[in-house]
Amino acid sequence: MNKLWDVAIIGGGAAGLAAALTLARSRRSVVVIDDHHPRNAPADRVHNYLGRESTPPTELFGIGRDEAAHYGATFLDGRVTSVSRANSQFDVSIDGQQAVRARRVLTATGAVDELPDIDGLSDRWGRDVLHCAYCHGWEVRDRAIAVLGTGPLAVHHALIFRQLSDNVTLLRHNEFPLSPEETAQLGRRNINVIDGPVARLRVTEDALSGVELETGVTVACEALVVATVVSARIDMLAPVGLTAQEMRLGDHLLGTYLPVTRGATVVPGVYAAGNVTDIKAQVITSAAAGTEVAAVINADLAVADVEEMQHA
């Protein structure tokens, strides 16, 4: 608390590190606070990241930390438990203790995937249980792929993964209705539809071999696609009055997010970037958002610098 930072960044993933690099290169004093729980921790590689294709997440983030630190960014390990206003500044508490005071706060805490409650599913998450065709689709190409149908995006996912394999099955896990048009689309692409809830996953020699329905029938598959509920990690912003909003498709909950305008929240001085604002964002788009929001913050501080000098 003895130092006033220009920007405190909460989260050391792609968005937070990109923002730290941009701000540090603009000679802003930046502290990044990270609890080392990235959303993509279970994955062994990052994909569709231009210039860093197939880099392990920990390696990518290590490179980012080194780059930002080279330009003067400081890193603190810990979990931010609250952000509170201190006049025109902000106090950031780490693990329940006040630790950092900053002129601006950037929340890049990402999101958490809430998985369906199916026996064995969480153990395979990020390996052969997937949610994004662009993140890991190539890795399961030409395999037997099952799509766990839990809502209105199930047909979309089945059609997308059909581009990667000619062996795709849609499992109507909660027996949601299919329109005649959707049924026709699935039929034209030779996507098999099987009704009935999934009870558990079958694993053989540390690889997914199938899913067992509650009826006892086993459907063979080597990859399972699930649509998670993606929840923004912003509990620490409650003291400044910020809460997540729901994103729905009809009556179906897709997740929660923090609304922003060019990275700015409705609370002046508090910004956000990455999955916390966009549940669809991949690693590279989160990094781009961090860079863009950093420029907005730097411009905001430039104006504030002049105003503070006028009142000095």
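Because the structure is a prediction, the values reported are computed rather than measured.

**So, the domain arrangement of the chain**
On domain assignment, one finds that the chain holds domain 1 (4-112 + 229-310) and domain 2 (116-226). Taking only C-alpha atoms, the centre of domain 1 and the centre of domain 2 are 33 Å apart. Between domain 1 and domain 2, the residue contacts involve ten residues of the former and eleven residues of the latter. Of the roughly 840 Å² buried at the junction of domain 1 and domain 2 (both faces included), carbon and sulfur atoms supply 62%. By the criterion of area lost to domain 2, the three top residues of domain 1 are Pro-42, His-47 and His-252, representing 46% of everything that side buries. Run the count over domain 1 and domain 2 and you get zero salt bridges.

**Regarding the UniProt feature "domain: FAD/NAD(P)-binding" (unreviewed entry) in the chain**
Per the UniProt entry, the sites bearing "domain: FAD/NAD(P)-binding" (unreviewed entry) are residues 6-286 in this numbering. In the segment residues 6-286, helix accounts for 19% and strand for 33%; the C-alpha atoms at its two ends are 22 Å apart.

**As for the state of the cysteines**
Applying the stated criterion across every chain, the model contains zero disulfides. In this model Cys-135 remains outside any disulfide bridge; the closest cysteine sulfur is found in Cys-132, 3.0 Å from its own. Overall, Cys-135 belongs to the buried group, its relative accessible area being 19%. Of all cysteine sulfurs, the one in Cys-132 lies closest to Cys-221, which takes part in no disulfide; the gap is 18 Å.

**Concerning the pairing of strand S7 (residues 111-114)**
Burial along S7 is one-sided: Ala-111 and Asp-113 are buried, and none of Val-112 and Glu-114, which face the opposite way, are. For S7 and strand S16 (residues 229-232), the ladder comprises four bridges, and the chain directions are antiparallel. Bridging across to S16, Glu-114 finds its partner in Val-229.

**Focus: the sheet that holds strand S15 (residues 223-225)**
Pairing is parallel in the open sheet, where five strands are placed in the order S8-S15-S9-S10-S11. The open sheet has two free edges, formed respectively by strand S8 (129-130) and strand S11 (192-195), since each of these has just one partner strand. Alignment of S8 against S15, held across two bridges, turns out to be parallel. In the strand pairing of S15, Val-129 is matched with Leu-224.

**Section: the packing of aromatic side chains**
Scanning the model with the defined rule gives zero aromatic pairs in all. Above the plane of the ring of Trp-5 lies Lys-3, whose end atom (NZ or CZ) is 4.7 Å from the centre. The ring of Tyr-71 has Arg-25 lying over it, and the distance from NZ or CZ to the ring centre is 5.0 Å.

**Examining the packing of helix H1 (residues 14-25) against helix H6 (residues 283-310)**
The contact between H1 and H6 brings their axes to 7 Å, and the two run at 40 degrees. Classed by the angle they form, the pair H1 and H6 counts as oblique. Relative to H6, H1 is oriented so that their crossing is right-handed. Here H1 contributes Ala-14, Ala-15, Ala-18, Ala-19, Thr-22 and Leu-23 to the contact with H6, which in turn contributes Val-283, Ser-286, Ala-287, Gly-290, Thr-291, Ala-294, Ile-297 and Asn-298.

**A look at the nonpolar core**
For soluble globular proteins, the rule of thumb is that nonpolar side chains tend to be buried together. In this structure, Ile-9, Leu-106 and Ile-297 are the most contacted members of the largest nonpolar core, which totals 30 residues. For this core, the elements supplying multiple residues, two or more each, are strand S1 (4-10), H1, strand S2 (30-34), helix H2 (57-70) and H6. For this core, the leading source of residues is H1, giving eight residues. The contacts of Ile-297, once residues within four sequence positions are left out, are Val-7, Leu-23, Arg-104, Leu-106 and Tyr-271. Among the nonpolar cores identified, the runner-up in size contains 24 residues, and Val-31, Ile-33, Leu-237 and Val-270 belong to it.

**Overview of the side chain of Arg-124**
Within the secondary structure, Arg-124 sits in the loop between S7 and S8. A polar atom in the side chain of Arg-124 sits 2.9 Å from the side chain of Asp-128. In this structure Arg-124 touches Val-129, Leu-201, Val-203, Asp-206, Ala-207 and Leu-208, once residues within four positions along its chain are discounted.

What counts, and where the lines are drawn
- Residues numbered from 1 in each chain as written.
- Predicted model: local features only at pLDDT ≥ 70, side-chain atom pairs only at ≥ 80, totals over all residues.
- Heavy atoms only, no water.
- Domains from an automatic or database assignment.
- Contact = heavy atoms within 4.5 Å.
- Buried area = accessible area lost by both parts, 1.4 Å probe.
- Salt bridge = Lys/Arg side-chain N within 4 Å of Asp/Glu carboxyl O.
- UniProt positions renumbered as here; feature names shortened; annotations may be inferred.
- Helix = DSSP H or I, 4+ residues; strand = E, 2+ residues; numbered from the N terminus.
- Disulfide = S-S within 2.5 Å.
- Buried < 20%, exposed > 50% of the residue type's maximum accessible area, 1.4 Å probe, protein only.
- Pairing = 2+ DSSP bridges.
- Phe/Tyr/Trp six-rings, centres within 6.5 Å; stacked < 30°, edge-to-face > 60°.
- Lys NZ or Arg CZ within 6 Å of the ring centre and 35° of its normal.
- Axes fitted to C-alpha atoms, helices over the stretch in contact; angles between N-to-C directions.
- Parallel < 35°, antiparallel > 145°, perpendicular 65-115°, else oblique.
- Left-handed = near helix turned anticlockwise from the far one by under 90°.
- Core = buried A, V, L, I, M, F, W, Y, C linked by side-chain atoms within 4.5 Å.
- Polar contact = N/O pair within 3.5 Å; in protein donor to acceptor, adjacent residues only side chain to side chain.

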